[in-house]
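This is what each chain is made of:
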Amino acid sequence: MTMDIPSTINETRYGLLSKKYKVVDLINAYLAKIARYDGEINSFITVCEENAYKGAKKADALISELGEKAFQDYPLLGCVVAHKDVFITEGIRTTAASKVLDSYVPCYSATAVKRLDDAGAICIGKLNCDAWAHGSSGENSQFGATKNPWNLEYVPGGSSSGSGAALAADFCLLSTGTDTCGSVRLPSNYCGVVGLKPTYGAISRYGVIAMASSLDTVGPMAKTVEDVEMMFKVLSGPDAKDATIASVKYQSKSSSFKIGIPKEFFGEGLDDEVRNNLDSVIQIYKKLGVDFVDVSLPSTKYAISVYYVIQPAEVSSNLARYDGIRYGNSRDAFGDEAKRRIMLGTYVLSSGYYDAYYLKAMKVRTLIRKEVSVVFEKVDAVIAPVAPTPPFKIGAKANDPLQMYLTDIYAATANLSGIPSIAIPSGFTKNGLPLGFQLMGPRFSESLLFDLGKKYHKEISYKPSVAKL
Amino acid sequence: MRYTPVIGLEVHIELSTKSKMFCGCLADHFAKKPNTQTCPICLGLPGALPFPNKLAIEDTIKLGLAFNCNINRFSKFDRKHYFYPDLPKGYQISQYDLPLCVNGQYVLSSGKKVGISRIHLEEDTGKLIHQIVNGKRVSLIDFNRSGVALVEMVTAPDFHDVSDAVEFLKETQTIVRYLGVSGADMEKGSMRLEANLSLADESIDLSKGELPNYKVELKNINSFRFLEKAVKAEIERQSTLLEAGEAVLQETRGYDETKNTTFSQRSKEDAKDYRYFPEPDIPPLRFTDEEIEKIKSSLPEMPSDKRKRYVEVFGLPMNYATILASDITRAEYFERAVFIGSKHNVGPKTVADLMVNKYLDSEYDDPESLVKKIVELTKKEYASAKEVQEAIEEVIREQEKAVNDYRNGKGAVVGFLIGMTQKKLKGRGDPKMVMNRLISYLNSVVK
Ligand SMILES: [Zn+2]
């Protein structure tokens, strides 16, 4: 390596303004690292050098012309971003990590992609994921599994596997993911980065290949809470192309935080290292004067069951458009997991079964939503593990879909109730694998979650670390 | 055995909103170059989302109000799934259990009432074009129509006579045009008809809401005349079957215009399971009473009210009223002409007569010129001042009681005396002159 790759937006900006490097040097460095290491990690499906150099040229010109002012107009100027391959990118192949779309080059860009472009970010490529975002480990990609940069024998978490891995390997500064049931939080957790599952309705989903539309959210990922917050500012807000987006003023508070500990999330099946790490996080918050109270979410034990009715139902509907007439591949090209979900979803929506499955699941979903809002009458946020265990080995759960589905157990509540949740790194296992926790808040409480996250990282003098490759 | 036909109707109307139902593409697709009015949304491309057209929702509510429907204050869109090449998403965004409008009613000219079960909003599909390209038979898809706002109205099976059904359909077309929500042009496909039909024998008490245990759907009918013929042909077919003791199969049938028969298209066994579920990409729709009231107050006078007013206020015969009210532009022209005519002694009947029988309105772009022409045509040779004076004096002599009444302050008798004077003049009196002279003579007599 000829240069140290910056790990935050501020560092990048400082380096560019102090002429330590140009944007084109950054692109060179990222591309070199990708070329050298991604063959093994497999976090990218498509690397778009040409696009990156074009963006670099434009950014360097702006910086030399406008200096510091360029960063006022373009808050992410020169920041290198990579998108999960479910984000539609005009002129850049978009596959959803499925063979069905292996040669699909879209004619438009997602709102999220556009907003990051408009803020000056430079897209360097498209990231691997579980095909159609169906999975929790990245192993369901039809372009090969992604490996965890911290230990190549382990999964990076999914479905936004490439989005977590690419950050941990320093292949990009920022990445995007989607979270339908933990798909941003899990890879953030397994790769030691920060990821936000925003409030449903905070960030436009337009141009993001849909998995389960009533649960899908677009999530920013980066190495620090500050950077995720900056991305959130750029990404959030009304979009005339997504009818579910609300116009909201995000507010936080300055003192007397109260965090709830839901007893249902700390029960059986929780790994000791994960539990101990969470305890240490709680101790640090207590030291900072944050109050903790026990809360209860009794219906969350049904969350996974509810999720595995609603999600396949919507999946079966959303995948209907890949009908074999367009995009060049027939429905045979779907992988096993997609086929499994299409069949499950078709079944639960069939006449005669709708009431017993879909309708009932929707009723329980309403119940969970109510319970969650009652809890947030008492506390500002809720703390929970992201996953029951640290990263597991590639192949360990691949042949057991049910075991794999349980990985989502702590994720489903936020998606079913539409609340935001941020995954924050908080150390490593004795084997050197990342550990973390999640903070959930009421709808549109992102600012508060960012503040809580920053408080914690400040107290432990957090420095983002990069996996040694 | 005597059979009573039991007929229900399903009408599709393509709304004439400028843009499509869920995207910004132009909605007017008639005779446009294929696939020139499309975008990621109406092509159903990966990642695209629908954004509902508010005006189309309002137009549907207008239609519902015109048919006396209840407007659901809480409504939503649903996905209706089926595979067909002209349906790019694999589902159609439609409305299932909470349509915008329910439980309406329409009163036929005979006084019979017809229930409107529901009116809902959905998106139209693309169009398949089968043609030969380079010597090969191919099917092409034109997505210009894909995503155009489409309203579906379903009536209760309340028609027992095909002529009532046709009356209803024609009136529906008129109302849609009155509301300005669609051209409802069957040749352009912006109004499409379907009927469902069964025959009830005497064992079925229709007045108690009993219905036959089957129904046959007639589809792909593109004119009122063909609907009438198709229903008649189908009544024939079904009654022949029933007479022979055979059951009528529940199925969908098309109509063959050349053979004047219906033919089987799809049997009940092939009935599709559409796997409806609430469209997650569009939040539910909520309406306040004020919003509905506001839409209601924007509705124009309905054709039936217009006809009634033409008969009762203008004194037109019903057939004239019907002709004039069948087209809102012509009706508005007529009413404007009547208003102008009233200042020139031209009555509604005269205007109506010249419009209905002589199509005089087609020659004059504006009602002012029409009235001017009518005044010219009907200009009378008025009686001379001397004749008028003689007639007045005669009347005053004869009508002693009326004159006495006038003396006692009953001014209203003047109208009666004018009428009597005109009668003597055989209507040739210049009304102004008759009135002026009558009043001054009357005053001189009673002094
Ligand atoms: Zn369009």
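Residues numbered from 1 in each chain as written. Chains lettered and ligands numbered in written order. Predicted model: local features only at pLDDT ≥ 70, side-chain atom pairs only at ≥ 80, totals over all residues. Heavy atoms only, no water.

**Q** Whenever I open this one, the overall build of chain B confuses me. Can you help?
**A** Looking only at helices and strands, chain B has 13 helices and 16 strands in total. Its C-alpha radius of gyration of 30 Å places chain B more than 25% over the 22 Å reference for a compact globule of 447 residues. Projected onto its principal axes, the C-alpha positions of chain B cover 95 × 55 × 50 Å. Sequence separation of at least 24 residues holds for 68% of the intrachain contacts in chain B that already meet a minimum separation of 6. Looking at chain B as shown, the accessible area adds up to about 22600 Å², and 51% of this sits on carbon and sulfur atoms. Each charge class in chain B was averaged separately, 64 positive and 65 negative side chains, and the resulting centres sit 5 Å apart. (Helix = DSSP H or I, 4+ residues; strand = E, 2+ residues; numbered from the N terminus. Rg over C-alpha atoms; globule rule 2.2 N^0.38 Å. Contact = heavy atoms within 4.5 Å. Areas by Shrake-Rupley, 256 points an atom, 1.4 Å probe, with all protein chains shown as cover. Lys, Arg positive; Asp, Glu negative; His and termini not counted. Charge placed at Lys NZ, Arg CZ, Asp CG, Glu CD.)

**Q** What should I look at first to understand the coordination of the zinc ion in this one?
**A** Tetrahedral metal sites with four donors have an ideal angle of 109.5 degrees; octahedral sites with six donors have ideal angles of 90 or 180 degrees. All names here are of chain B. Here the zinc ion is held by Cys-23 (SG), Cys-25 (SG), Cys-39 (SG) and Cys-42 (SG), and the distances to it run 2.3 Å. One can describe the site at the zinc ion as tetrahedral: its four donor atoms subtend angles covering 102 to 115 degrees at the metal. Taking the relative accessible area as the measure of exposure, Cys-39 reaches 16% and is therefore buried. Its relative accessible area of 4% is what places Cys-42 among the buried residues. (Donors = N, O, S within 2.8 Å, 3.2 Å for Na, K, Ca; no water. Tetrahedral: all angles 85-135°; square planar, octahedral: opposite > 155°, others 65-115°. Buried < 20%, exposed > 50% of the residue type's maximum accessible area, 1.4 Å probe, protein only.)

**Q** Explain the interface of chain A and chain B to me, please; I cannot follow it from the model alone.
**A** Where interface size is given, it is often the accessible area lost as the parts come together that is meant. The partner chain B presents 30 residues to the 37 residues of chain A that form the contact. Carbon and sulfur atoms supply 59% of the area buried between chain A and chain B, which totals about 2600 Å² over both sides. It is Ala243(A), Arg321(A) and Arg326(A) that lose the most area in chain A upon contact with chain B, and together they represent 23% of the buried surface on that side. In this structure, the connection of chain A to chain B is made through one salt bridge. Across the pair Asp281(B) and Arg205(A) runs a salt bridge whose closest N-O atoms are separated by 3.0 Å. Linking chain A with chain B are 14 residue pairs in polar contact (both at pLDDT 80 or more). Those elements that place two or more of their residues in the side of chain A that touches chain B are α10 (303-318) and α11 (336-349) of chain A. (Buried area = accessible area lost by both parts, 1.4 Å probe. Salt bridge = Lys/Arg side-chain N within 4 Å of Asp/Glu carboxyl O. Polar contact = N/O pair within 3.5 Å; in protein donor to acceptor, adjacent residues only side chain to side chain.)

**Q** I tried to follow the side chain of Thr155(B) on my own but got confused; where do I start?
**A** Residue and element names in this part refer to chain B. Topologically, Thr-155 is positioned in strand β10 (residues 149-155). On the accessibility criterion, Thr-155 (4% relative accessible area) is buried. Setting aside its immediate chain neighbours within four residues, Thr-155 contacts Gly-8, Leu-9, Val-114, Gly-115, Ile-116, Ser-117 and Phe-168.

**Q** Can you help me understand the domain arrangement of chain B in this one?
**A** Domain annotation of chain B identifies domain 1 (4-293), domain 2 (301-379) and domain 3 (385-446). Distance between the C-alpha centres of domain 1 of chain B and domain 3 of chain B: 64 Å. (Domains from an automatic or database assignment.)

**Q** So what exactly am I meant to see when it comes to the pattern of salt bridges here?
**A** Oppositely charged side chains can form a pair if their charged atoms are brought close together. If you walk through the whole model with that rule in mind, you get 44 salt bridges over all chains. We note a salt bridge from Glu194(B) to Lys219(B), for which the minimum N-O separation is 3.8 Å. In this pair, Glu194(B) sits in strand β11 (residues 191-200) while Lys219(B) sits in strand β12 (residues 216-221), placing the two residues 25 residues apart along the sequence. With relative accessibility at 14%, the residue Glu194(B) sits in the buried group. Taking the shortest distance from any N to any O, the salt bridge between Arg253(B) and Glu234(B) comes out at 3.5 Å. Taken together, the residues span a long stretch of sequence, with Arg253(B) in strand β13 (residues 251-256) and Glu234(B) in helix α3 (residues 224-243) at a distance of 19 residues. For the pair shown, Arg253(B) and Glu234(B) are each scored as buried. Among the ionic contacts, a cluster of salt bridges with common partners joins Arg205(A), Asp242(A), Arg79(B), Glu279(B) and Asp281(B).

**Q** Help me out: how do you make sense of the packing of helix α2 (residues 162-179) of chain B against helix α5 (residues 303-312) of chain B in this one?
**A** Each packed pair of helices is defined by two parameters, the angle between the axes and the distance between the axes. Residue and element names in this part refer to chain B. The contact between α2 and α5 brings their axes to 10 Å, and the two run at 95 degrees. Classified by the angle their axes make, α2 and α5 are roughly perpendicular. Residue-level contacts link Glu-171, Thr-174, Ile-175 and Tyr-178 of α2 to Pro-303, Ser-304, Lys-306 and Arg-307 of α5. Looking at side-chain class alone, the contact of α2 with α5 contains three nonpolar, two polar and three charged residues. (Axes fitted to C-alpha atoms, helices over the stretch in contact; angles between N-to-C directions. Parallel < 35°, antiparallel > 145°, perpendicular 65-115°, else oblique. Nonpolar A, V, L, I, M, F, W, Y, C, P; charged D, E, K, R; others polar.)

**Q** Where do I start with the packing of helix α7 (residues 328-341) of chain B against helix α8 (residues 348-358) of chain B in this structure?
**A** All names here are of chain B. One way to put it is that α7 packs onto α8 with a least axis distance of 9 Å and a crossing angle of 140 degrees. It follows from the interaxial angle that α7 and α8 lie oblique. You can see that α7 and α8 cross each other, and the crossing is right-handed. Here Arg-330, Tyr-333, Phe-334, Ala-337 and Val-338 of α7 come into contact with α8, specifically with Pro-348, Val-351, Ala-352, Met-355 and Val-356. In terms of residue class, the contact of α7 with α8 is built from nine nonpolar, no polar and one charged. (Left-handed = near helix turned anticlockwise from the far one by under 90°.)

**Q** Mind showing me how you'd approach the sheet that holds strand β7 (residues 258-262) of chain A here?
**A** Residue and element names in this part refer to chain A. On the basis of which strands lie adjacent, the open sheet formed by eleven strands has the order β1-β3-β2-β4-β6-β5-β10-β11-β9-β7-β8 and mixed pairing. Unpaired on one side and paired on the other, β1 (44-47) and β8 (291-295) mark the two borders of the sheet. Averaged over all adjacent pairs, the angle separating strand axes in this sheet is 30 degrees, with direction ignored. Bridge analysis of strand β9 (residues 381-384) against strand β11 (residues 434-440) gives three bridges, and the strand direction is antiparallel. When the bridges of β11 are listed, Ala-384 appears paired with Gln-438. Contacts between helix α12 (residues 355-378) and the sheet are confined to β7, β8, β9 and β11, with β9 contributing the most and set at about 110 degrees to the helix. Contacting β5 (194-197), β7, β9, β10 (421-428) and β11, helix α15 (residues 446-459) runs over the sheet at an angle of about 10 degrees to β10. (Pairing = 2+ DSSP bridges.)

**Q** Would you mind going over the sheet that holds strand β4 (residues 78-81) of chain B with me for this structure?
**A** The pairing of strands in a sheet comes from backbone hydrogen bonds and takes either a parallel or an antiparallel form. Judged by pairing direction, the sheet is antiparallel, and its three strands sit side by side in the order β5-β4-β15 (chain B) without closing on themselves. This sheet does not close on itself; its edge strands, each paired only once, are β5 (91-94) and β15 (277-278) of chain B. Across two bridges, β4(B) lies against β15(B) in antiparallel orientation. Of the residues in β15(B), the one forming a bridge with Asp78(B) is Pro278(B). Taken strand by strand, α10(A) contacts β4, β5 and β15 of chain B, and its axis lies near 60 degrees from that of β4(B).

**Q** Would you mind showing me how to read the environment of Pro187(A) here?
**A** Residue and element names in this part refer to chain A. Here Pro-187 shows up in helix α7 (residues 185-191). Assessed through its relative accessible area of 0%, Pro-187 is described here as buried. Taking the C-alpha atoms as reference, Pro-187 lies 7.5 Å from Ser-163; in sequence the two are 24 residues apart. When near neighbours in sequence (up to four residues on either side) are disregarded, Pro-187 contacts Pro-156, Gly-157, Gly-158, Ser-160, Ser-161, Gly-164, Gly-182 and Met-221.

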